[in-house]
Each structure stands twice: as structure tokens, then as C-alpha cells.
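# Residue-level structural notes
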Amino acid sequence: MPASWFILCRVVDHYGDAGVCWRLARQLAREYDIDVTLFIDDIATLQRLAPTLDTTQSHQRIDRVTVQPLTNTLPPPAFWPEVIIDAFGGGLPSSWLAALERDFPLPSPARGEGLAPHWIILEYLSAEPWVETMHGLASPPPSINLPRHFFFPGFTEATGGLLREKTLISERDVFQHAFPDARRAFLERLGIDTLPPDALLVSLFCYDTPALPTLLDAWAASPSPIVCLIPETVAPETLQHWRRHYRIEASTTPTKHGALTLHTFPFLQQDDYDRLLWSCDLNFVRGEDSFVRAQWAALPFVWQAYRQNELAHLTKVDAFLKRYLADAPDNLKTALPDFARAWNDEQQTNRVADTWPLLAKQLPTFRKLAHDWVKQQTAQTDLAQQLTAFCRFHRSR
């Protein structure tokens with residue numbers, strides 16, 4: 001009988017939170033034969049990533065994963081699972097906490113071994129050094145007799161690793177080795193029939209930011225053509241305002257302005273989004289899910305972190321770039337952080353136009369660094385494998 005795990009997801013960062021939980025749920029079910037139930041409080045967002053999901057159903061099974069809505073008053077299950085993943089520390093429903101306190105009270109009752117679920121707080125990904133000191137720490141919940149641990153994804157052996165399916169790298173290699181035919185066929189599915197032979201192909205998935213029009217203007221002024229692929233859900237009002245400014249019809253697709261051609265397309269399910277990343281010369285990504293997938297693409301990328309108060313997200317960007325660029329040439333060590341800071345700091349948006357040409361010149365060097373980084377990261381154990389081993393070890397104690 002397969003092990004039973006619950007994943008609880010309260011969506012804060014839209015596609016990032018839902019994306020991480022959906023990838024993890026599918027990987028656990030496919031590769032570890034775990035009976036996974038994903039409880040999520042925003043099924044509509046998940047439906048964009050899993051189009052066959054029916055948002056009107058309260059209980060359904062998609063891709064070997066059971067999906068149910070998550071509410072604070074969700075009744076506790078008839079049987080507790082072996083593991084409860086509290087994604088990003090969103091917390092368990094109050095009704096569950098009351099039931100857990102009833103079923104597993106302190107002090108320790110006389111009970112059979114292994115009846116209590118293992119509560120894992122799966123934290124957000126960060127490259128900050130303090131993550132290594134917190135990963136795996138126990139945090140017993142008050143008045144409930146069950147194990148609870150922090151689990152931190154990360155970029156070193158002292159962390160929980162990154163989400164990476166067993167076949168991901170080989171699938172990417174097959175796709176990229178089939179260039180240009182594989183890319184051409186994929187782009188045709190998005191309605192893109194031709195590309196200028198010397199164009200820079202860019203995917204753009206970002207939060208709405210005042211830096212976006214500045215970047216589009218810089219691309220329009222480029223000495224060589226740039227083709228930008230952008231999901232139709234990205235910054236629609238900002239894009240509409242930019243088009244109006246240049247008297248471009250909002251319905252025009254593709255949109256052409258100077259050296260820039262903009263193609264919009266419907267939101268992609270996760271497997272196709274991976275192919276999009278594998279197809280482009282440069283990927284702009286945001287949050288956590290697309291950030292990790294861009295790294296596995298082994299191609300240049302620019303990360304936009306989820307905004308936090310008092311610009312705390314800039315610390316996360318700087319921490320990642322310090323680790324990522326540790327062995328990079330000096331020119332790239334300057335160009336990428338300068339552009340990334342301007343892209344992530346709304347107080348520096350005017351610097352996007354100045355820093356873009358410097359970054360563009362470094363793209364060949366960036367490509368080699370991206371390839372070397374993936375080699376380094378694939379040498380480490382992936383998150384799902386570490387998570388299952390961690391839970392197995394603690395349940396056997």
C-alpha cells in the first residue's frame with residue numbers, strides 16, 4: 001500500500017506557490033508511488049498550470065494526484081497521512097490543529113509507534129547562508145505530540161536541494177540537441193512561424209513593474225532584432241499603456257516597435273513552459289518555480305524576486321548572485337548584478353536602459369556559466385529525494 005502524504009498550499013505568489021506544490025506533488029506520485037493529496041486555497045490558479053482540472057469539483061484526481069480545496073474549516077481526515085507538507089509555512093486549518101491536539105496530546109499518550117503524521121514546514125527557496133543552519137531543525141508544536149521539522153530548499157549539500165524530476169535533464173538535452181527543428185515545431189504551436197535569423201529570442205515572465213516599459217524601449221532601440229515571448233497574463237495594463245504610448249493597436253499581434261517584436265500567447269502548462277525556457281536565448285523569470293526551471297534550462301536568465309517590504313527581496317537577489325557568480329568572469333560579475341538590481345529595485349528603474357547593453361554583450365559568457373552551474377547543481381540530491389529520505393529516517397526513529 002503506498003504511503004499517504006498531504007501537501008497544503010495557501011497561494012500568496014500566485015503561480016509560484018501553486019507551481020512548486022504541483023510539481024512536488026506530481027513528482028512524489030510518479031517517482032515514489034506516494035498517494036498525494038494537494039489541498040490548495042486557489043484552485044483557479046492551479047487550473048492555469050493543469051488545464052484538465054475542473055474548478056467546480058471539490059474532489060478530483062489529476063495526474064495521479066488528488067486535489068481538494070483548502071479552507072480554515074476543512075474537516076480533519078478520517079485517517080491521518082504519514083506526512084503533512086505545510087508549504088511555505090502557510091499553516092494547517094484550525095480544525096486540523098484541534099483534531100491533532102485531541103488525537104496526539106501532550107504529555108505523550110500510550111499509542112502505537114508511527115501513528116502521528118510528520119509535519120514538514122517546507123520553506124521558500126533562498127541562497128542566504130543562514131538557511132543552512134535552519135534546514136532540518138526540529139520545531140515541536142505546542143500541545144501536540146508529533147514531529148515537526150523545517151525543510152529548506154537550497155543550492156548546497158547543507159540544504160534540501162532543488163525540485164528536479166529524474167528525467168528532466170535528459171528530456172532537456174534531447175530537445176536542445178534537436179535544434180533548430182524542435183524549437184521551430186514548439187514555437188509554431190504558439191503561433192510563431194518565423195524568426196529573424198539573427199534575433200535574440202527572449203521569454204518574459206515578470207511581475208508588473210515600472211521597469212518594464214524602460215526595458216521594452218531599450219529592446220526597441222537595440223542594434224539587432226529582439227523577439228520577446230510573453231504570456232498574456234503578464235503585466236497587461238502596463239503593456240497596454242506602453243502600446244498606447246506608441247499608438248500601437250492593443251490587439252496587434254505580434255507587436256512590432258523598432259527592433260522589438262512582441263508575441264503574446266496563452267498561459268502554458270508546466271511541461272510546455274519548460275520547453276519555452278529551453279527554446280530561448282534569455283529567460284526572464286520571477287518568484288520561485290520559474291526561477292528554478294530557468295536554471296535547469298542551462299541558459300542565461302534574469303530573476304525578479306517576489307517583492308517584500310523595505311526591499312528585503314534585494315537581499316535574496318544579492319545572495320543568489322553572489323553564489324551563482326562565484327566563478328564568473330569579472331565583466332559578467334558586474335553586468336548581471338547591475339542589471340538585476342535595476343530590474344528588482346523600483347527606485348532604480350531608470351538604470352535598466354543603461355545596464356541592458358552591458359548585459360547583452362555578456363550573454364555568450366553567461367551561457368557558459370549557466371551550463372556549468374547546472375552541472376554543479378545536478379551533482380546534488382534533488383528536493384523530493386531528500387524529502388522522502390528525511391521523512392523515512394525520522395519516522396523510523
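If you're wondering where the values come from, they're calculated on a predicted model, not measured in any experiment.

## A few points about the overall build of the protein
Looking only at helices and strands, one finds 15 helices and 13 strands in the protein. Relative to the 2.2 N^0.38 estimate, which gives 21 Å for 397 residues, the radius of gyration of the protein is 22 Å and therefore close to what a compact globule would have. For the C-alpha atoms alone, the extent of the protein along its principal axes is close to 75 × 45 × 45 Å. Each of the 397 residues in the protein was classed as buried or not, and the buried ones make up 56%. Within the protein, contacts between residues separated by at least 24 positions form 71% of all contacts whose residues are at least 6 apart in sequence.

## With respect to the packing of aromatic side chains
Using the criterion set out here, one finds 37 aromatic pairs in the structure. Relative to phenylalanine 339, the ring of phenylalanine 284 lies with its centre 6.0 Å away and its plane at 80°, an arrangement referred to as edge-to-face. On the criterion of sequence distance, the pair formed by phenylalanine 284 in strand β12 (residues 282–286) and phenylalanine 339 in helix α12 (residues 330–344) is long-range, its members being 55 residues apart. Judged on exposure class, the residue phenylalanine 284 and its partner phenylalanine 339 are both buried. Judged by centre distance (4.0 Å) and plane angle (5°), the rings of phenylalanine 291 and tryptophan 303 are stacked. Linking phenylalanine 291 in helix α10 (residues 289–296) with tryptophan 303 in strand β13 (residues 301–304), this pair joins segments that are 12 residues apart in sequence.

## A word on the packing of helix α11 (residues 312–324) against α12
Two numbers describe how α11 lies on α12: the axes approach to 11 Å, and their chain directions differ by 160°. With respect to each other, α11 and α12 are oriented roughly antiparallel. Taken as a pair, α11 and α12 cross one another with a handedness that is right-handed. Taken together, the residues of α12 that come into contact with α11 (itself represented by His313, Leu314, Val317, Asp318, Leu321 and Tyr324) are Leu336, Pro337, Ala340, Arg341 and Asn344.

## What to know about helix α8 (residues 236–245)
Listed as buried for α8 are Thr238, Leu239, Trp242 and Arg243. One side of α8 holds all its buried residues, which, seen down the axis, span an arc of 135°. Exposed residues on α8 whose side chains face more than 90 degrees from its buried face are Glu237, His241, Arg244 and His245. Buried residues along α8 sit in contact with α7 (211–220), β9 (226–231), β10 (255–257) and β11 (260–265). Directly beyond the C-terminal end of α8, a positive phi value near 55° is found at arginine 247.

## Section: the side chain of threonine 355
Mapping threonine 355 onto the fold places it in helix α13 (residues 352–361). On the basis of relative accessible area, threonine 355 is assigned to the buried category, the value being 4%. A polar side-chain atom of threonine 355 sits 2.8 Å from the main-chain carbonyl oxygen of arginine 351. Not counting residues up to four positions away in its chain, the partners in contact with threonine 355 are Asp338, Phe339 and Ala342.

## Some remarks on the nonpolar core
By size, the foremost hydrophobic cluster in this structure holds 121 residues, and its most contacted members are Trp219, Phe284, Phe320, Tyr324 and Trp343. With nine residues, helix α1 (residues 15–32) is the largest single contributor of residues to this core. In contact with tryptophan 219, other than residues within four places in its own chain, are Val202, Ile226, Cys228, Ala259, Leu260, Phe284 and Trp356. Counting 20 residues, the second largest nonpolar core, distinct from the first, contains Phe39, Ala99, Leu100 and Val131.

## What about the sheet that holds strand β2 (residues 35–40)?
With mixed pairing, the seven strands of this open sheet are ordered in space as β3-β4-β2-β1-β5-β6-β7. Both edges of this open sheet fall to β3 (60–62) and β7 (148–151), since each of them pairs with a single strand only. Here the strands of the sheet are splayed against their neighbours by 25° on average, with no regard to which way each runs. Direction of pairing for strand β1 (residues 4–9) relative to strand β5 (residues 83–87): parallel, over a ladder of four bridges. Of the residues in β5, the one forming a bridge with phenylalanine 6 is isoleucine 84. This element, α1, spans β1, β2, β3, β4 (65–69), β5 and β6 (118–122) of the sheet and lies at about 170° to β1.

## Notes on the pairing of β13
Every second residue of β13 is oriented toward a common face, with Phe301 and Trp303 on one face and Val302 and Gln304 on the other, all of them buried. Of the pairings in the sheet, the one linking β12 to β13 comprises four bridges and is parallel in character. Bridge pairing in β13 places asparagine 283 opposite phenylalanine 301. In this fold, the crossover linking β12 to β13 by way of α10 has right-handed handedness.

The rules we used
- Residues numbered from 1 in each chain as written.
- Predicted model: local features only at pLDDT ≥ 70, side-chain atom pairs only at ≥ 80, totals over all residues.
- Heavy atoms only, no water.
- Helix = DSSP H or I, 4+ residues; strand = E, 2+ residues; numbered from the N terminus.
- Rg over C-alpha atoms; globule rule 2.2 N^0.38 Å.
- Buried < 20%, exposed > 50% of the residue type's maximum accessible area, 1.4 Å probe, protein only.
- Contact = heavy atoms within 4.5 Å.
- Phe/Tyr/Trp six-rings, centres within 6.5 Å; stacked < 30°, edge-to-face > 60°.
- Axes fitted to C-alpha atoms, helices over the stretch in contact; angles between N-to-C directions.
- Parallel < 35°, antiparallel > 145°, perpendicular 65-115°, else oblique.
- Left-handed = near helix turned anticlockwise from the far one by under 90°.
- Arc of directions from axis to C-beta.
- Polar contact = N/O pair within 3.5 Å; in protein donor to acceptor, adjacent residues only side chain to side chain.
- Core = buried A, V, L, I, M, F, W, Y, C linked by side-chain atoms within 4.5 Å.
- Pairing = 2+ DSSP bridges.
- Right-handed = clockwise from strand over helix to strand, strands pointing away.

So far we have only geometry, and geometry alone does not tell us how the molecule works.
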